[in-house]
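Reading the structure
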Amino acid sequence: MKDPYKILGITPHATDEEIKQAYRALAKKYHPDRYGESGLASQAAEKMKEINEAYDRIMKQRKEGIPYIPEDTYTCPYNNEDEYNSYQSNSTGRDYRVIYRLINLGNLIEAEHILNGTSPTERDAEWYYLMGTISYSKGWLEEAFNYASTACRMSPDDDKYKALYERIIQQRSGTQGGFVSTRSGAADCCDCISCLICTDCLCNCGSCS
Amino acid sequence: MFGYLQPFREELKMKDYKLYKSVYCGLCRSLSKSYGLKSSLTLSYDCTVLAMLYMSLHDTPCSVKKGKCTVNPLKKCMICTCEGDALRFAGAVSVIMSWHKLKDTMNDGGLFKKAAAFFLRIFLRGNYKRALRNYPLIDEYTAEMMKQQNEAEKNDVGIDRAADPTATLISRLCIMFCPEKTDRKTIGVFGYHVGRWIYLMDACDDLEKDIKKKNFNPFKKKYNGDVKATMQYCNEVLNMTAAQLIMAYELLDLHRYKAILDNIIYNGITIQQKKYTFDRYNKKKTKDIDYYPAMDVHE
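Before going into details, it helps to say that this report is about the structure given with it. If you're wondering where the values come from, they're calculated on a predicted model, not measured in any experiment.

Another point: unusual backbone geometry. In terms of backbone geometry, most residues other than glycine have negative phi values and most peptide bonds are trans. All names here are of chain B. The phi dihedral of Asp156 falls on the positive side, at around 55°, and the residue is not glycine. Mapping Asp156 onto the fold places it in the loop between helix 5 (136-154) and helix 6 (159-177). Phi at Tyr257 takes a positive value of approximately 55°, unusual for a residue other than glycine. Residue placement: Tyr257 occurs in the loop between helix 8 (227-249) and helix 9 (258-277).

Right, dumping it as structure tokens:
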């Protein structure tokens, strides 16, 4: 097994506070929310597990005087099996359970093939969301962006669609890598983006009704 | 490859910059040694990054020593040598890709360009043959990529489809050289987005020229030839690709050259994007180095 200190990127002389800080930074970095539909979710979860274990081990080792219980151990909220079981067909009554299953198994080609069989008039928001997810894991990011924004426009209240759309918008802004074209500070930028997302949603609602 | 992946030198430590240069010179030396002197003409920054990634993933022991520059014997430089296959592999990629690119130019360039490509190809022929013998798989992948690229351009496809051949090629190359224990999916996704980013940067770079000459360019349709408006959009597309690339990069187990690779991924990409999308079209060039990329993921 790897040295837990190495995993967290700290020296064995680090203080408890430093360990906690390093752990938090890494947990943020590999958080499932960030990796989501990218197709690397399981790899990130693996890394997350490693970090959690390393952190727990260090803390156990250091438990000399006062036993230390980490207050914020991340548990992976991204449990695909649950999503599958709790799935209910949406208002239009179309059943996409097969598609979710295929995506979870990583069989994107088959999932895309089935989705493409839907006639253009029957394509609902969820259809666009699923196509967006598939394109996103395939690395076809422009199509993913188009699908996600269409899904969001068709049903603006759905959290799942909005989450994907917002993640894409944030990536496009350049704060996750690349170049931020507006010359404001990072904090301002975040506000600016959320503002843009809000206005965008409003605009879309307006055009729908 | 074209040389878009570069470190942001201003923010590199001197020792890392020297190390980077030594790999560059080492690759040049390895090229002329393994495939012939002429092949060192095909040397590029992108292939240097590829060699560094190779050595970093494999944790190849390497040494740096003083030597004479291969191309200019009057110049002295630090040259990196390594045990494994890294420099030879990156060299073969460089030679084979240049060869195929020349072939492509010969088919659809202007008259002058065609002739130049023709002679360069005769010039490089022996070197290419040697690289081909060592790494037939690279040649096979590259040839397939070129075929698909031509087909995509003929059909005037969208951005994703246009970038797919190059992205797939780099992804395959990365999977080819990564060590057994590396997760194939992670390195594959990383390679895919690196390739995609390089292709899109090239498309950005050529946009003005392509509009003038009526060549294919995936960004052309978006704003009907308004280059400045398109650049804002290009930057968004590049940003999203960079974000994906970084996500995969952070899952890789790197052993060497971490400081340089980090610099390329987090700062180099930013600076290059700025340079090709905005600076080119700004009459008043802003030459500030007090610029720090805003990254909330990499604090």
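On we go.
The biggest cluster of nonpolar side chains holds 110 residues, and the ones touching the most others in it are Leu8(A), Phe89(B), Phe190(B), Trp197(B) and Phe219(B). With residues near it in sequence (within four places) discarded, Leu8(A) still touches Ile19(A), Ala22(A), Tyr23(A), Leu26(A), Ile51(A), Ala54(A), Tyr55(A) and Ile58(A). Within the second largest apolar cluster, 29 residues are counted, among which are Ile99(A), Tyr100(A), Ile134(A) and Tyr165(A).

The next point concerns a negative patch on the surface. A cluster of acidic residues, Glu46(A), Glu53(A), Asp56(A) and Asp183(B), forms a negative patch on the protein surface. Of note, Glu46(A) is situated in helix 4 (residues 41-61). For Glu46(A), a relative accessible area of 52% translates into the label exposed.

Tallying the contact residues gives 40 residues for chain B and 33 residues for chain A. Both faces combined, the contact of chain B with chain A buries some 3,400 Å², and carbon together with sulfur accounts for 55% of it. Among the residues chain B hides against chain A, the three largest losses belong to Met240(B), Met247(B) and Leu251(B). Together they make up 21% of the total. Run the count over chain B and chain A and you get three salt bridges. Listed by contribution, the elements that provide at least two residues to the side of chain B that touches chain A are helix 6, helix 7 (184-213), helix 8 and helix 9 of chain B. The element best represented in the side of chain B that touches chain A is helix 8 of chain B, accounting for 14 residues. Across the side of chain B that touches chain A, the residue classes break down as 18 nonpolar, nine polar and 13 charged.

A word on a positive patch on the surface. Together, Arg9(B), Lys18(B), Lys21(B), Lys75(B) and Lys275(B) make up a region of like positive charge exposed at the surface. Assignment of secondary structure puts Lys18(B) in helix 1 (residues 14-35).

Each pair of packed helices can be described by the angle between their axes along with the distance between the axes. All names here are of chain A. Running from N to C, helix 6 (residues 97-105) and helix 7 (residues 108-116) point in directions that differ by 160°, and their axes come no closer than 8 Å. Taken together, the axis directions place helix 6 and helix 7 in an arrangement best described as roughly antiparallel. Seen along the crossing, helix 6 lies across helix 7 with a hand that is left-handed. In contact with Val98, Ile99, Leu102 and Ile103 of helix 6, helix 7 contributes Leu108, Glu110, Ala111, Ile114 and Leu115.

Criteria and thresholds
- Residues numbered from 1 in each chain as written.
- Chains lettered and ligands numbered in written order.
- Predicted model: local features only at pLDDT ≥ 70, side-chain atom pairs only at ≥ 80, totals over all residues.
- Heavy atoms only, no water.
- Helix = DSSP H or I, 4+ residues; strand = E, 2+ residues; numbered from the N terminus.
- Core = buried A, V, L, I, M, F, W, Y, C linked by side-chain atoms within 4.5 Å.
- Buried < 20%, exposed > 50% of the residue type's maximum accessible area, 1.4 Å probe, protein only.
- Contact = heavy atoms within 4.5 Å.
- Patch = residues over 30% accessible without salt bridge, like charges linked within 9 Å, V, L, I, M, F, W, Y side chains within 5 Å.
- Areas by Shrake-Rupley, 256 points an atom, 1.4 Å probe, with all protein chains shown as cover.
- Salt bridge = Lys/Arg side-chain N within 4 Å of Asp/Glu carboxyl O.
- Lys, Arg positive; Asp, Glu negative; His and termini not counted.
- Charge placed at Lys NZ, Arg CZ, Asp CG, Glu CD.
- Buried area = accessible area lost by both parts, 1.4 Å probe.
- Nonpolar A, V, L, I, M, F, W, Y, C, P; charged D, E, K, R; others polar.
- Axes fitted to C-alpha atoms, helices over the stretch in contact; angles between N-to-C directions.
- Parallel < 35°, antiparallel > 145°, perpendicular 65-115°, else oblique.
- Left-handed = near helix turned anticlockwise from the far one by under 90°.

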